[in-house]
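One-letter residues, chain by chain:
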Amino acid sequence: MTFLIQQTLLYAVPLMIVALAGVFSERSGIINLALEGIMIFGAFVGVLFVHVMQTAGVFDEAKAAGDWIALQGFELLAMLAAAVMGAVFSLLLSFASINLRADQTIGGTALNMLAPALVLFLVRIIANQNTLQMATGDAASWFMIKKTTLGYSRTDDLGFLGNTFLHKVYLATYVCIILFIILSIILYKTRFGLRLRSCGENPQAADSLGINVYKMRYAGVTISGALAGMGGFVYALTSANCTSNGDVAGFGFLALAVMIFGNWKPLNIAGASLLFGLFKCVAAAYSSIDINGDGVYLLAQAGISSHFYRMLPYLITLIVLAFTSKKSRAPKAEGIPYDKSSR
Amino acid sequence: MKAKLSAFFAKDGAQKLLASLLSIVIGLAVGSVVVLIVGLANPAISLRGAWEGIRLIFAGILSTGRDAAGSLTWGFNPTSMGNMLFRATPLIMTGLSVAVAYKAGLFNIGAPGQYLMGTMVTLMVALSIPTTVVPPALVWLIAFLAGCLAGALWGALPGLLKAFLNINEVLACIMTNWIAANTVTWLFDISNFKNLVESTKSGYIYKTTYNGVATAKLGLDKLFPGSQVNGGIIIAIVLAIAMYILMNKTTLGFELKACGSNRHAARYAGIKDKRNIVLSMAIAGALSAAGASLYYLSGNTEFFWSTYQSLPATGFNGIPVALLAVSNPIGVIFSGIFMSMLDIVGLQLTNLTAYNEYITDVIIATIVYLSAFALVIRLMISGRKKRRMAQGGKTAEPPAPEDEDGKGGEPA
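Calculation notes
- Residues numbered from 1 in each chain as written.
- Chains lettered and ligands numbered in written order.
- Predicted model: local features only at pLDDT ≥ 70, side-chain atom pairs only at ≥ 80, totals over all residues.
- Heavy atoms only, no water.
- Helix = DSSP H or I, 4+ residues; strand = E, 2+ residues; numbered from the N terminus.
- Rg over C-alpha atoms; globule rule 2.2 N^0.38 Å.
- Buried < 20%, exposed > 50% of the residue type's maximum accessible area, 1.4 Å probe, protein only.
- Contact = heavy atoms within 4.5 Å.
- Salt bridge = Lys/Arg side-chain N within 4 Å of Asp/Glu carboxyl O.
- Pairing = 2+ DSSP bridges.
- Core = buried A, V, L, I, M, F, W, Y, C linked by side-chain atoms within 4.5 Å.
- Domains from an automatic or database assignment.
- pLDDT = per-residue confidence, 0-100.
- Polar contact = N/O pair within 3.5 Å; in protein donor to acceptor, adjacent residues only side chain to side chain.
- Axes fitted to C-alpha atoms, helices over the stretch in contact; angles between N-to-C directions.
- Parallel < 35°, antiparallel > 145°, perpendicular 65-115°, else oblique.
- Left-handed = near helix turned anticlockwise from the far one by under 90°.
- Nonpolar A, V, L, I, M, F, W, Y, C, P; charged D, E, K, R; others polar.
- Expected span 1.5 Å × (residues − 1).
- Arc of directions from axis to C-beta.
- Phe/Tyr/Trp six-rings, centres within 6.5 Å; stacked < 30°, edge-to-face > 60°.
- Patch = residues over 30% accessible without salt bridge, like charges linked within 9 Å, V, L, I, M, F, W, Y side chains within 5 Å.
- Areas by Shrake-Rupley, 256 points an atom, 1.4 Å probe, with all protein chains shown as cover.
- Buried area = accessible area lost by both parts, 1.4 Å probe.

Focus: the overall build of chain A
Argument step 1. Secondary structure summary: chain A contains 15 helices and 0 strands in total.
Argument step 2. Here the C-alpha atoms of chain A give a radius of gyration of 21 Å, agreeing with the 20 Å that 2.2 N^0.38 yields for 343 residues.
Argument step 3. Counting only C-alpha atoms, chain A reaches 70 × 50 × 40 Å along its principal axes.
Argument step 4. Across the 343 residues that make up chain A, the buried fraction comes to 55%.
Argument step 5. Of all intrachain contacts in chain A linking residues separated by at least 6 positions in sequence, the fraction that spans at least 24 positions is 78%.

Comments concerning the environment of Ala 206 of chain A
All names here are of chain A.
Argument step 1. Tracing the sequence through the fold places Ala 206 in helix α10 (residues 203-208).
Argument step 2. Residue Ala 206 is classed as buried on the basis of its relative accessible area, which comes to 3%.
Argument step 3. Along the backbone, Ala 206 and Leu 196 are 10 residues apart, and their C-alpha atoms lie at a distance of 9.3 Å.
Argument step 4. Filtering out sequence-adjacent residues up to four positions away, Ala 206 remains in contact with Ser 198, Cys 199 and Ile 211.

Examining the pattern of salt bridges
When their charged atoms lie close together, side chains carrying opposite charge are able to pair.
Argument step 1. For the structure on display, the rule yields 9 salt bridges over all chains.
Argument step 2. When salt bridges that share partners are traced, they join Arg 263, Arg 267 and Asp 273 of chain B into one network.

Focus: the pairing of strand β1 (residues 63-66) of chain B
Argument step 1. Bridge analysis of β1 of chain B against strand β2 (residues 72-74) of chain B gives 2 bridges, and the strand direction is antiparallel. Looking at the pairing, Ser 63 of chain B lines up with Trp 74 of chain B of β2 of chain B.

What about the nonpolar core?
Argument step 1. Ranked by size, the top nonpolar core spans 227 residues in total, and within it Phe 233 of chain A together with Ile 92, Phe 188, Phe 303 and Tyr 355 of chain B carry the most contacts.
Argument step 2. Tallying contributions element by element places helix α1 (residues 2-27) of chain A first for this core, with 14 residues.
Argument step 3. Residue assignment places this core across two domains, with domain 1 (2-77 + 371-408) and domain 2 (83-353) of chain B each supplying three or more.
Argument step 4. Not counting residues up to four positions away in its chain, the partners in contact with Ile 92 of chain B are Ile 233, Ala 236, Val 332, Ile 333, Gly 336 and Ile 337 of chain B.
Argument step 5. Among the nonpolar cores identified, the runner-up in size contains 6 residues, and Val 282, Tyr 286, Leu 312 and Val 320 of chain A belong to it.

Some points on the confidence of the model for chain B
Argument step 1. When the pLDDT values of chain B are averaged, the result is 84; 89% of them are 70 or greater.
Argument step 2. Scoring of the predicted complex yields 0.84 for pTM and 0.80 for ipTM.

Focus on the side chain of Gln 348 of chain B
Residue and element names in this part refer to chain B.
Argument step 1. Topologically, Gln 348 is positioned in helix α14 (residues 329-352).
Argument step 2. Overall, Gln 348 belongs to the buried group, its relative accessible area being 11%.
Argument step 3. Discounting residues that sit within four places of it in the chain, Gln 348 has contacts with Leu 56, Gly 60, Ser 63, Asn 77, Ser 80 and Thr 353.

Quick notes on the side chain of Ser 23 of chain B
Argument step 1. Tracing the sequence through the fold places Ser 23 of chain B in helix α2 (residues 12-41).
Argument step 2. Here Ala 19 of chain B takes part through its backbone oxygen, which lies 2.9 Å from a polar atom of the side chain of Ser 23 of chain B.

Structural notes on the packing of helix α5 (residues 104-127) of chain A against helix α15 (residues 358-372) of chain B
Argument step 1. It is at 8 Å that the axes of α5 of chain A and α15 of chain B come closest, and there the two elements cross at 160°. Taken together, the axis directions place α5 of chain A and α15 of chain B in an arrangement best described as roughly antiparallel. Crossing hand, α5 of chain A versus α15 of chain B: left-handed. Residue-level contacts link Ile 106, Gly 107, Ala 110, Leu 111, Met 113, Leu 114, Ala 117, Leu 118, Leu 120, Phe 121 and Arg 124 of chain A of α5 of chain A to Tyr 358, Ile 359, Asp 361, Val 362, Ile 364, Ala 365, Val 368, Tyr 369, Ser 371 and Ala 372 of chain B of α15 of chain B.
Argument step 2. Of the residues assigned to the contact of α5 of chain A with α15 of chain B, the class counts are 17 nonpolar, 2 polar and 2 charged.

Concerning helix α9 (residues 232-249) of chain B
All names here are of chain B.
Argument step 1. Taking 1.5 Å per residue, 18 residues should reach 26 Å; α9 reaches 25 Å between its end C-alpha atoms and fits that length.
Argument step 2. Taken together, the buried positions of α9 are occupied by Gly 232, Ile 233, Ala 236, Ala 240, Met 243, Leu 246 and Met 247. Taken down its axis, α9 places every buried residue within 135° of arc, on the same side. Opposite the packed face of α9, turned more than 90 degrees from it, sit the exposed residues Val 238 and Lys 249.
Argument step 3. Along its buried surface, α9 packs onto α4 (78-103), α8 (220-223), α10 (251-261), α12 (273-296) and α14.

Observations regarding the packing of aromatic side chains
Argument step 1. Applying the stated criterion across every chain yields a total of 22 aromatic pairs over all chains.
Argument step 2. Look at Phe 59 of chain A and Phe 74 of chain A: their rings are 4.2 Å apart centre to centre, the planes differ by 10°, and that puts the pair in the stacked class. Of this pair, Phe 59 of chain A sits in the loop between α2 (35-56) and α3 (60-65) while Phe 74 of chain A sits in helix α4 (residues 68-99), and the two are 15 residues apart along the sequence.
Argument step 3. You can call Phe 59 of chain A buried: its relative accessible area is 14%.
Argument step 4. Judged by its relative accessible area of 0%, Phe 74 of chain A is buried.
Argument step 5. Seen from their ring centres, Phe 188 of chain B and Phe 303 of chain B are 5.8 Å apart, and the 50° between their planes marks the pair as tilted. You can see Phe 188 of chain B sitting in helix α7 (residues 169-189) and its partner Phe 303 of chain B sitting in the loop between α12 and α13 (313-324), a full 115 residues away along the chain.
Argument step 6. Residue classification places Phe 188 of chain B among the buried positions, given a relative accessible area of 0%.

Description of a nonpolar patch on the surface
Argument step 1. On the surface, a nonpolar cluster with roughly 480 Å² of combined accessible area is contributed by Leu 77, Leu 80, Val 84, Met 85, Val 88 and Leu 91 of chain A.
Argument step 2. Among the structural elements, Val 84 of chain A can be located in helix α4.

A word on the packing of helix α8 (residues 171-189) of chain A against helix α9 (residues 191-201) of chain A
All names here are of chain A.
Argument step 1. Taken N-terminus to C-terminus, the directions of α8 and α9 make an angle of 70°; their axes are 5 Å apart at the nearest point. Of the possible angle classes, the one that applies to α8 and α9 is roughly perpendicular. Contacts between α8 and α9 involve Ile 186, Leu 187, Tyr 188 and Lys 189 from the former and Arg 191, Phe 192, Gly 193, Leu 194, Leu 196 and Arg 197 from the latter.
Argument step 2. A breakdown of the residues in the contact of α8 with α9 according to their chemical character gives 6 nonpolar, 1 polar and 3 charged.

A look at the interface of chain A and chain B
Accessible area lost upon the coming together of the parts serves often as the stated size of an interface.
Argument step 1. Taken together, the contact pairs 44 residues of chain A with 48 residues of chain B.
Argument step 2. For the pair chain A and chain B, the two sides together bury roughly 4000 Å², of which 77% comes from carbon and sulfur.
Argument step 3. Area buried by chain A at its contact with chain B is led by Ile 106, Phe 121 and His 307 of chain A, which between them contribute 16% of it.
Argument step 4. Joining chain A to chain B, the criterion identifies 1 salt bridge.
Argument step 5. For the salt bridge of Glu 357 of chain B with Arg 124 of chain A, the shortest nitrogen-to-oxygen distance reads 3.4 Å.
Argument step 6. On inspection of chain A and its partner chain B, the count reaches 5 residue pairs in polar contact (both at pLDDT 80 or more).

The structure is reproduced here in structure tokens:
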């Protein structure tokens, strides 16, 4: 059970934060199809940051001394770098779709093609292979929080909650959850959030009340880019052992599906991403899941092909969308370039 | 002469052409800048190496390798040319697929999935009908048509979801892509088409030549010796022309385009909009699958079956092909050939310099990005012309009719 919860969270948290990235963009009126591309770029920047810092030996002392607080700070810095560069990368989308009134679907697709191409091009030149890895060690030894890092001995039993949430976890997971809550409150309970949302519903009315629609949309897409970039790195850190190879396994697109399924509302998105995280987890680790701990691997013994489990997240997405799309309520003005002169 | 030229530039089609050419030039320039920056930042690459990279980006198709002194040599390279045409074949087809759907108001990002389904059915049919009983040419035809049918059915799926359940076709296409990738892997995994004879490589399906099925060369191999080119390119061009006629000269094409411009107005005019959405996705699916069929029926290509983690780039590259051609089926022929030329350029870069083929993907992405605001570029072109006319003191011609394709055809 502990394993199942931890694995589900590993998949669900990047999905959740990237889906929220989608919400910020779409609620301001810009379709952000580029989530996948921004994630790929963010993952690359984060991993590159870790790689460069390790090569420079900045955190070697902290690592040798077992100073885990400094190492967690290192992780947060890498997340910040990924977020900043994700925001910068997303400016390409906001510039095209806000200033040049371009087709947002095509602009997003362009970014989705640009990110893996650019990342692979650079990774091949930097690392002479198709994957950029950490310079030394792996994600678990540098960044993972374990019983021993917190001062407990190997044999201590922390109880169910302690074992699940304090042992073999990443700080990034919790940072994302806290950010998710803070940003959801900002979106719904502050003046800025209200203005942002109004630009996605009726930009003309918002403009007539003195809100700068262009600025709001820039803000929406930039926040979106920062979150997606950070989410990309968190995915790379927790699920891909802090490597970057120009691929995040379709997580950006899954996050879009989560966003639509969650009806563009944070609380629903949190639920939806947990559901998808569960299915992703089942698909990735069905053969080693022991649900009630009696040593029987039910899913592995059910005789269903592994291909089916891999297909499951996508199949479920389609089925769920089929049931919910009639009710779904997208922001009214999303996808429509704002033109002051039109009514 | 000058008047004739400006009349030419006032034409809508000419402006589209000019905008596309401009996108290409800017794309190549961006690629060159990236090559230059990397060359300057990387001590392992000399300035001469960067300059070679830039020259290859612009004219890699004419490269013939290096001479004994180590400098690049240039000239007509029949192998590159032939391979360019061979690789253009599936690109033209996926480009047509995206273009037709785009004209009907749908963004077909599902081409990779349709391409995979076409691949699977074509290979299975071509390898399972014994050529000792049925003549190979007939097997070829059956395999091709079966592949198209599979693609049409797979393409119709997101169409149905869009028409009847109001699911965004972009999302439905992305999901069906991955479902297709898993299905293809699954079915090949339990099939007996896996190539176990040539033990040097694993994970591939038999070539169709194993069963004696291959596309006719039609003498093209004489024209481009040493290359993989075959009759497929001619079939692709014929199909592109057929699509042009279908979209522009028939009632069905008109109805599809009407749905694309304004679905609700089309329904008001008595056009069955739901049927047309499904139909246009089915046609798009069949075209993508036809590209896969032509590629794998050539006999000298192998399919890597364990594909559940990756989607074929040929499918995605249909998007830039279609955008560069402004969704014009005839234009798709040329943009498809251009994209495959970039492919060859990438190979030359990997073989001859310290750079790698991914730079061509950067160029393609830049072109897609630019085509997102093709409308703005076109306005810029016509705006400059108008200004120049005003300065010349002539009476300005009535402005060219605003093009609706770029604006009205976008999916909701």
